[in-house]
Amino acid sequence: MPVVAWAAAAACLSGAATLLLTPAMIKAAYTFDWVDYPQADRWHATPTALMGGVAMYGAGALALLLLGPLAGVGTDVGLIGGGATLLFAVGMVDDLWGVGPTTKLAAQVGAAVLLMAAGHGFGPEWPLWASAPVTLVWVIGITNAVNLLDNMDGLAAGIGGIAAVALTAFAAAGGALPAALLGGTVGGAALGFLWFNAKPARIFMGDCGSLVLGYGVAALAVMGQGAVAAGPGVAVLAPICALAVPILDTTLVTVARTQAGRPVTNGGQDHTSHRLVTLGLSESAAVGTLHGMGAVAGGVGLTALVVEPTLFYAACAFGTVALGVIGGSLGRLDVYRTARVGGDGAPSVSMGPSSNAQAGQGRWQTVAAYLVGDGLLIGGALAAAHALVGSGGLAGGEGVPIVEEALLVGAIQLVVLYAMGLYRRLWRHAGTPGIARIVGTILLAQAATAGGLALVYGLGAVSAPLLMVDGVILTLGVLGSRLGRRGLQRGASLYRSRVAPAESTSNVLLYGTGERGMLALRALRDAEETDRVPVGFVDPDPSKQNQVVQGLPVFGGAGACADLCREHDIDEVIVAVGDAAADREQAVARQCAEAGVACHSFDVQMKPLGAGREDSTHGEPMPGPPA
């Protein structure tokens with residue numbers, strides 16, 4: 001029977017068994033009081049059944065015991081199943097009575113040893129002295145990463161199931177029957193459990209489920225590395241891609257807690273999912289976003305099966321930078337303030353730039369992060385250009401070592417980017433001038449690259465088509481890395497205004513689409529204000545009506561304010577037209593009073609400090625947040 005058929009059979013059997021066993025576990029949990037009650041550092045707001053991992057483990061064990069001997073992989077999979085059993089037992093004890101981190105770590109080490117005893121290690125061609133410690137760290141790291149990811153309804157089950165599907169497809173493509181059988185079992189159990197664990201969750205998997213799930217996908221990533229013959233590093237990178245989301249979450253939590261002076265091992269509402277909710281997404285949207293990211297990451301890993309290694313390396317480089325931008329943006333949110341109850345009944349947190357994180361991040365760290373990110377972008381752009389243009393070398397030269405030439409090109413372009421001030425600017429408020437600076441800098445960098453290659457290797461080493469393609473790709477990459485945070489912020493604001501306005505405290509209508517109106521919108525968005533959500537503009541100019549400005553629709557003139565407030569459930573109108581249109585302000589204020597809606601004017605004054613503070617009448621208008 002084909003390997004794919006074995007994987008599908010395991011997934012169906014494991015998934016069906018999970019669907020049958022989980023309802024029984026829900027009843028048993030409430031009978032024996034295996035219930036997770038709300039706590040200050042937990043996300044859920046209602047008592048929820050625990051021990052869903054019992055159903056997942058039982059279903060997976062059933063599938064492996066029935067299909068393993070038939071497929072002829074009983075011994076191989078049996079050792080890995082022994083590691084899963086060890087973690088299941090420790091996790092179950094932890095769920096019922098609690099165990100210390102040392103006990104968990106010892107169990108994870110034992111499970112990693114069983115994986116290696118089955119003949120699977122990280123890096124299929126690595127020597128044992130290098131493979132064994134990396135395998136140990138990998139299994140412990142991913143097992144805990146998935147365990148930590150179990151912090152919101154449906155998150156760990158969905159991410160684990162998606163990763164298992166991608167890893168199973170990778171293994172099946174290489175004919176690795178043990179990995180495919182195990183992957184189908186893990187994926188079926190995780191996705192079957194998701195039916196009961198999605199919001200609103202009827203049961204949680206607990207540590208007895210999350211530890212086993214984490215170990216399962218960690219083992220799959222190791223087992224799949226030897227399945228496909230590919231270029232150097234591809235076999236290692238491809239399975240890692242499927243677990244990009246757990247790696248991102250664990251890295252973000254570790255760095256943020258360290259910078260905030262909090263113990264890394266303590267729980268809290270500071271994970272990627274919580275930060276997305278803090279940014280303005282609903283709980284379901286945050287989980288769905290991370291599921292989508294996991295699917296995309298898994299898809300990137302599977303591209304190794306159909307594209308040449310050079311193009312796959314480029315995709316990994318760009319993906320790493322994208323994750324870095326997302327992690328850096330979410331890491332700036334302050335999630336360590338007092339919790340409050342959000343609109344969906346789950347605990348939420350107030351939002352703002354994290355003072356602790358900012359204090360712990362000096363200028364040199366920011367520059368270092370940019371240098372590493374730009375280095376990846378430069379290397380990825382060169383690799384992609386080489387794969388697309390198909391020249392003999394990264395710059396078209398014959399007989400020139402690729403690595404040597406790539407290092408030269410990278411050094412030249414990084415120097416130009418640094419000299420042109422791309423590391424001395426704040427990109428949070430960047431607009432057209434910033435974009436123009438980036439484009440101009442990349443053009444200058446390409447010119448310098450051509451000159452450097454010609455100087456070192458001669459004119460024959462310069463390939464104009466390749467450098468052109470490289471320049472276009474690099475420009476897009478640098479633009480994305482610099483403007484990514486602003487894009488995430490704008491996207492969240494647009495989501496709040498269009499998709500989830502009911503979850504927001506105050507829907508805002510902006511009167512005026514001129515410069516002052518744009519400043520008011522930027523103030524709302526850049527202040528990351530979750531309690532005020534811009535819904536649209538009102539402008540008396542007929543030429544601007546029925547258009548979209550900064551992602552928001554422009555409605556009718558001043559006379560329509562009252563009707564618009566009722567139609568779009570507006571809570572507040574902010575007038576941003578300046579002193580020259582005081583009559584319009586009064587007209588809008590009257591309509592807002594008629595509709596029972598608050599009305600404010602966007603006008604913040606810059607005032608002198610110290611002895612001259614009394615002289616506040618001579619302040620100059622200054623753009624800022626709504627008064």
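Described below are features of the structure shown in this document. Here, residues in each chain are numbered from 1, in the same order as that chain's written sequence. Restriction of local features to residues with pLDDT of at least 70 applies here, the model being predicted, together with a cutoff of 80 or more for giving and counting side-chain atom pairs; totals for whole chains, interfaces and linings are based on all residues. To get the side-chain values, take all heavy atoms of the structure and skip hydrogens and water.

### Topic: the pattern of salt bridges
Right, so step 1: Whenever Lys or Arg places a side-chain nitrogen within 4 Å of a carboxyl oxygen from Asp or Glu, that contact is recorded as a salt bridge. The tally for this structure, following the rule as stated, stands at five salt bridges.
Right, so step 2: For aspartate 94, the salt bridge is made with lysine 104, and the minimal N-O distance between the two is 2.9 Å. In this pair, aspartate 94 is assigned in helix 3 (residues 74–96) and lysine 104 in helix 4 (residues 101–117), connecting sequence segments 10 residues apart. Of the two residues examined, aspartate 94 and lysine 104, each falls in the buried class.
Right, so step 3: Taking the shortest distance from any N to any O, the salt bridge between arginine 257 and aspartate 270 comes out at 2.7 Å. Under the scheme used here, helices are H or I runs from DSSP no shorter than 4 residues and strands are E runs no shorter than 2 residues, and both carry numbers assigned from the N terminus. For every residue, the accessible area (1.4 Å probe, protein chains only) is compared with the maximum for its type, and the residue is labelled buried under 20%, exposed over 50%, or partly exposed between those bounds.

### Quick notes on the nonpolar core
Right, so step 1: Side-chain atoms within 4.5 Å are what join buried Ala, Val, Leu, Ile, Met, Phe, Trp, Tyr and Cys residues into a set we call a nonpolar core. In terms of nonpolar packing, the biggest core is built from 71 residues, with Ile80, Leu115, Trp138, Leu181, Leu182, Tyr215 and Val217 touching the most fellow members.
Right, so step 2: Of all the secondary-structure elements, those providing two or more residues to this core are helix 1 (3–31), helix 2 (52–71), helix 3, helix 4, helix 5 (128–149), helix 6 (155–173), helix 7 (177–197) and helix 8 (207–223).
Right, so step 3: Considering each element in turn, this core owes the most residues, 12 residues, to helix 8.
Right, so step 4: Those residues in contact with leucine 182, other than ones at most four positions away along the chain, are Leu64, Ile80, Ala219, Leu220 and Met223. Only heavy atoms enter the contact rule, under which two residues are in contact if any of them lie within 4.5 Å.

### Quick look at helix 16 (residues 402–419)
Right, so step 1: By definition here, a helix of n residues has an expected span of 1.5 Å times n minus one. Here helix 16 contains 18 residues, and its C-alpha end-to-end distance of 26 Å stays within 8% of the 26 Å for a straight helix at 1.5 Å per residue.
Right, so step 2: What helix 16 keeps buried is the set Glu405, Val409, Gly410, Ile412, Gln413, Val416 and Leu417. Mapping the buried residues of helix 16 onto a view down its axis gives an arc of 165 degrees, with all of them on the same face. In helix 16, those exposed residues whose orientation departs by more than 90 degrees from the buried face are Val403, Leu407, Val415 and Ala419. Starting at the helix axis, one direction is taken to each C-beta atom, and the arc is that of these directions.

### Describing the sheet that holds strand 5 (residues 506–511)
Right, so step 1: Spatially, six strands are ordered 7-8-6-5-9-10 in an open sheet, and the strand pairing comes out mixed. Each edge of the open sheet carries a strand with a single partner, namely strand 7 (548–549) and strand 10 (598–601).
Right, so step 2: Strand pairing follows a simple DSSP-based rule, namely that at least 2 bridges must link the two strands. Relative to strand 9 (residues 572–575), strand 5 runs parallel, the two being bridged by four bridges. Each residue of the ladder has a partner; that of valine 508, found in strand 9, is glutamate 572.

### What about a nonpolar patch on the surface?
Right, so step 1: Together, Ile435, Val439 and Leu443 make up an exposed nonpolar region whose accessible area comes to about 240 Å².
Right, so step 2: Relative to the helices and strands, valine 439 resides in helix 17 (residues 432–457).
Right, so step 3: Since its relative accessible area comes to 33%, valine 439 is described here as partly exposed. Note on patches: the residues involved have over 30% relative accessible area and no salt bridge, like charges join within 9 Å, and the nonpolar side chains Val, Leu, Ile, Met, Phe, Trp and Tyr join within 5 Å. Per-residue and other accessible areas follow the Shrake-Rupley method at a 1.4 Å probe size, with only the shown protein chains counted as cover for residues.

### Details of helix 4
Right, so step 1: In this model helix 4 runs 24 Å from its N-terminal to its C-terminal C-alpha over 17 residues, within 8% of the 24 Å that 1.5 Å per residue would give.
Right, so step 2: Burial in helix 4 covers these residues: Lys104, Ala107, Gln108, Ala111, Ala112 and Leu115. Relative to the axis of helix 4, the buried residues are bounded by an arc of 140 degrees and lie together on one face. Across helix 4 from its buried face, at more than 90 degrees, point the exposed residues Thr102 and Ala117.
Right, so step 3: Packed against the buried residues of helix 4 are helix 3, helix 5 and helix 8.
Right, so step 4: A positive phi of about 95 degrees marks glycine 119, the residue just after helix 4.

### Notes on the packing of helix 6 against helix 8
Right, so step 1: Angles here are taken between N-to-C directions and fall from 0 to 180 degrees, while the axes themselves are lines fitted to C-alpha atoms, restricted in helices to the stretch in contact. Contact geometry for helix 6 and helix 8: axes closest at 10 Å, N-to-C directions at 20 degrees. In terms of orientation, helix 6 lies roughly parallel with respect to helix 8. The two elements helix 6 and helix 8 cross, and the hand of that crossing is left-handed. Judged by residue contacts, Ala156, Ala157, Gly160, Ala163, Ala164 and Leu167 of helix 6 engage Leu213, Val217, Leu220 and Ala221 from helix 8.
Right, so step 2: The residue makeup of the contact of helix 6 with helix 8, split by class, is nine nonpolar, one polar and no charged. These descriptions rest on fixed angle ranges, namely under 35 degrees for roughly parallel, over 145 for roughly antiparallel, 65 to 115 for roughly perpendicular, and the rest for oblique. Here is the rule for handedness: rotate from the far helix to the near one, and if that takes an anticlockwise turn smaller than a right angle the crossing is left-handed, while a clockwise turn gives right-handed. Three categories are distinguished: nonpolar for Ala, Val, Leu, Ile, Met, Phe, Trp, Tyr, Cys and Pro, charged for Asp, Glu, Lys and Arg, and polar for the others, with Gly belonging to the last.

### Overview of the environment of alanine 448
Right, so step 1: Here alanine 448 shows up in helix 17.
Right, so step 2: Take alanine 448: its relative accessible area is 28%, and that puts it in the partly exposed class.
Right, so step 3: Distance from alanine 448 to valine 409, taken between C-alpha atoms, is 9.1 Å for residues 39 residues apart in sequence.
Right, so step 4: Alanine 448 has contacts with Ile412 and Val416, leaving out every residue within four places of it along the chain.

### Topic: the environment of leucine 281
Right, so step 1: Its place among the elements puts leucine 281 in the loop between helix 11 (272–279) and helix 12 (283–302).
Right, so step 2: Linking leucine 281 and alanine 492, residues 211 residues apart in sequence, is a C-alpha distance of 6.7 Å.
Right, so step 3: The contact partners of leucine 281, leaving out residues within four places of it in the chain, are Leu276, Ala286, Thr289, Ala492 and Tyr495.

### Some points on the packing of helix 10 (residues 244–259) against helix 13 (residues 309–331)
Packed helices, taken two at a time, are described by their axes: the angle between them and the distance between them.
Right, so step 1: Where helix 10 contacts helix 13, the axes come no closer than 10 Å and their chain directions differ by 35 degrees. Read as a crossing pair, helix 10 and helix 13 show a hand that is right-handed. Contact residues: helix 10 offers Ala244, Leu248 and Leu252, while helix 13 offers Leu323, Gly327, Leu330 and Gly331.
Right, so step 2: Tallied by class, the residues present in the contact of helix 10 with helix 13 amount to five nonpolar, two polar and no charged.

### Let's talk about the packing of aromatic side chains
Right, so step 1: Only rings of Phe, Tyr and Trp enter the pairing, Trp through its six-membered ring, and a pair is recorded when the two centres are within 6.5 Å. The plane angle decides the type: under 30 degrees is stacked, over 60 is edge-to-face, the rest tilted. Using the criterion set out here, one finds seven aromatic pairs in the structure.
Right, so step 2: An angle of 5 degrees between the planes, with centres 4.2 Å apart, marks the rings of tyrosine 57 and phenylalanine 88 as stacked. Pair noted here: tyrosine 57 is in helix 2 and phenylalanine 88 is in helix 3, with a separation of 31 residues, a long-range link.
Right, so step 3: With a relative accessible area of 11%, phenylalanine 88 lands in the buried category.
Right, so step 4: Arranged with centres 5.7 Å apart and planes meeting at 45 degrees, the rings of tyrosine 418 and tyrosine 423 form a pair that is tilted.

### A closer look at the side chain of threonine 143
Right, so step 1: Relative to the helices and strands, threonine 143 resides in helix 5.
Right, so step 2: Throughout this description, a polar contact denotes any pair of N or O atoms lying within 3.5 Å of each other; where both atoms belong to protein, one of them has to be capable of donating a hydrogen while the other can accept it, and for residues adjacent in sequence the pair is counted only when both atoms sit in side chains. Looking at threonine 143, its side chain comes within polar contact range of the main-chain oxygen of valine 139, at 2.6 Å.
Right, so step 3: In contact with threonine 143, not counting residues within four places along its chain, are Leu87, Gln108, Ser210, Leu211, Gly214 and Tyr215.

### Observations regarding unusual backbone geometry
Right, so step 1: In this structure, proline 200 follows lysine 199 across a cis peptide bond, with omega equal to -5 degrees.
Right, so step 2: Mapped onto the secondary structure, proline 200 falls in the loop between helix 7 and helix 8.
Right, so step 3: Even without a glycine there, the phi angle at aspartate 33 is positive, about 60 degrees.
Right, so step 4: Counting through the fold element by element, aspartate 33 comes out in the loop between helix 1 and strand 1 (35–36).
Right, so step 5: Aspartate 33 sits in the partly exposed class, given a relative accessible area of 45%.
Right, so step 6: Although it is not a glycine, methionine 51 adopts a positive phi angle of roughly 70 degrees.
Right, so step 7: Assignment of secondary structure puts methionine 51 in the loop between strand 2 (48–49) and helix 2.
Right, so step 8: Of the residues examined, methionine 51 reaches a relative accessible area of 0% and is grouped as buried.

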